[in-house]
Amino acid sequence: MRNEIKHHMTDDLLMAYAAGNLPEAFDLMVATHLSLCDHCRARSESFDAVGGCVLQEQDASASMSDGSLAATMALIAQGAPKAKPAHPTCAVLPAPLQDYVGGDVNAIKWKPVGMGVKQAILPTTSEATARLLFIPAGAAVPDHSHNGIELTMVLQGAFSDEIDRFARGDVEIADQSIHHTPTADISEDCICLAVTDAPLKFSKLMPRLFQPFLRI
Amino acid sequence: MFTEIDTVTLDDVAAQHVVKSAVRGAKRFKGKPVNGPNKCCDSRKEWVDHVRRIRDAKDQIAFAELFQHFAPRIKAFLIKSGSDAALAEECAQEVMATLWHKAHLFDPTRATVATWVFTIARNKRIDVLRKQRRPEPEDLWWGPEAEPEQEDVLALQQETAQLRDAMAALPEAQRQLIEKAYFGDLSHREIASQTGLPLGTIKSRIRLALDRLRHAMN
């Protein structure tokens, strides 16, 4: 399954993730994708290597104060911070998402947003929004476009839109030029992680009325 | 024990350790005992052994040497990222403590010690300066049983050294832009994907390491 991912992260997102410059919701998206995609994990870790070189080149004369090593040993003696609970690897939600949901899919607190579509907004900083979307098999998410960037990654099932078909691990990167209507495959309910850094624009009246509820 | 380290120089500590090791007939303390504060050449491989010694033997001498090399660099990195000196110092200590606790997770076929330390320092910066959680991918590690191949370790270290040389050879303005990004001074919209860095080989190397790790995990 791991090798079947066809739609990957862009270099600038991976570099910004490695450099630590993304809003939290985007970090969550990248971390979730990397948990499923070794191709992008390798790319991401090569950008970490750039950071390692930057660190190595730092001037070491900014010396630590006297006693700092002893203070660090005292810190170590306090013991390791509590390890995060291990998540089952066969889960639908990769580990970074489970940290936000508090478990796998059955722990998601869905809120209906109409037409069978459900969502759960995840607690991140407000610069960008991360939400889980539940699209019933065969249903469509209202036709919309974007002010900013929208990343959508499939966790279960699959969806298709005007661009292509997207299955587990695939990421669709949409900007303002894209106007799309994602439709879930008929065979299975689709669960996605969607991240946006600006409100979506819906093209029809009804969905626009939903917008306050969707908070998108 | 810990306070002793504080009152003598690291060289003294290392020297004492060499003596103690010799007395015990221990063979694992090989090579140069102490790296000078600015001499990092020839030490890349050695830092890997340092982390292993911390992991396997909770070796405080290895830790003291890593601390001497990396803690000031972490501090300088955090100051350039916008921290004041006192906070940067505190964070550098916490980063080094994390290195101790997570030594078992370090994979030398995918990262040098400097790269790994960078990721811990970056996460600390996000946590403390940006007050934001940092989602990380699922941990992948060799576990207590398996060990990576030495030649894979060496190859990764060498390719990282080449990357470092390539970065040093970049035009000044371009190098500064990359540094700025890694200090957290550029938003993700400002980061251009064309860094001009030759990341192809190191990426393939890491991918190979991941494949071997997956194979070992199954």
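Everything discussed here concerns the structure shown above.
Residues numbered from 1 in each chain as written. Chains lettered and ligands numbered in written order. Predicted model: local features only at pLDDT ≥ 70, side-chain atom pairs only at ≥ 80, totals over all residues. Heavy atoms only, no water.

A. Here's a closer look at the packing of helix α3 (residues 38-56) of chain A against helix α7 (residues 150-168) of chain B. At their nearest, the axes of α3 of chain A and α7 of chain B sit 10 Å apart, and the two run at 65 degrees to each other. On the basis of their axis angle, the class for α3 of chain A and α7 of chain B is roughly perpendicular. Handedness of the α3 of chain A/α7 of chain B crossing: right-handed. Taking contact as the criterion, the partners of A49, V50, C53, V54 and Q56 of chain A in α3 of chain A are, on α7 of chain B, T160, L163, R164 and M167 of chain B. The residue makeup of the contact of α3 of chain A with α7 of chain B, split by class, is six nonpolar, two polar and one charged. (Axes fitted to C-alpha atoms, helices over the stretch in contact; angles between N-to-C directions. Helix = DSSP H or I, 4+ residues; strand = E, 2+ residues; numbered from the N terminus. Parallel < 35°, antiparallel > 145°, perpendicular 65-115°, else oblique. Left-handed = near helix turned anticlockwise from the far one by under 90°. Contact = heavy atoms within 4.5 Å. Nonpolar A, V, L, I, M, F, W, Y, C, P; charged D, E, K, R; others polar.)

B. Summary view of the environment of E159 of chain B. Residues and elements named next belong to chain B. By secondary structure assignment, the location of E159 is in helix α7. Expressed as a C-alpha distance, the spacing of E159 and T115, which sit 44 residues apart in the sequence, is 12 Å. Residue contacts for E159: discarding those within four places in its chain leaves T201, I202 and R205.

C. Layout of helix α1 (residues 11-19) of chain A. With seven of its nine residues buried, α1 of chain A lies for the most part within the structure. When we look at burial in α1 of chain A, the residues that qualify are L13, L14, M15, A16, Y17, A18 and A19 of chain A. At its buried positions, α1 of chain A is contacted by α2 (24-36), α3, β5 (150-156) and β8 (171-174) of chain A together with α6 (113-128) and α8 (172-182) of chain B. Just beyond α1 of chain A, the residue with positive phi is G20 of chain A, at close to 80 degrees. (Buried < 20%, exposed > 50% of the residue type's maximum accessible area, 1.4 Å probe, protein only.)

D. Region of interest: the interface of chain B and chain A. Every contact between the two is made by 72 residues of chain B and, on the other side, 68 residues of chain A. Summing both partners gives a buried area of about 6,400 Å² for chain B against chain A, and 62% of it is carried by carbon and sulfur. One can count six salt bridges joining chain B with chain A. Here R164 of chain B makes a salt bridge to E57 of chain A, at a shortest N to O gap of 2.7 Å. At the junction of chain B and chain A, the tally comes to 24 residue pairs in polar contact (both at pLDDT 80 or more). The set of elements that each furnish at least two residues to the side of chain B that touches chain A consists of α1 (2-7), α4 (60-80), α5 (85-101), α6, α7, α8 and α9 (200-217) of chain B. Counting residues per element, the side of chain B that touches chain A draws most heavily on α4 of chain B, which supplies 14 residues. For the side of chain B that touches chain A, the per-class residue count stands at 39 nonpolar, 13 polar and 20 charged. (Buried area = accessible area lost by both parts, 1.4 Å probe. Salt bridge = Lys/Arg side-chain N within 4 Å of Asp/Glu carboxyl O. Polar contact = N/O pair within 3.5 Å; in protein donor to acceptor, adjacent residues only side chain to side chain.)

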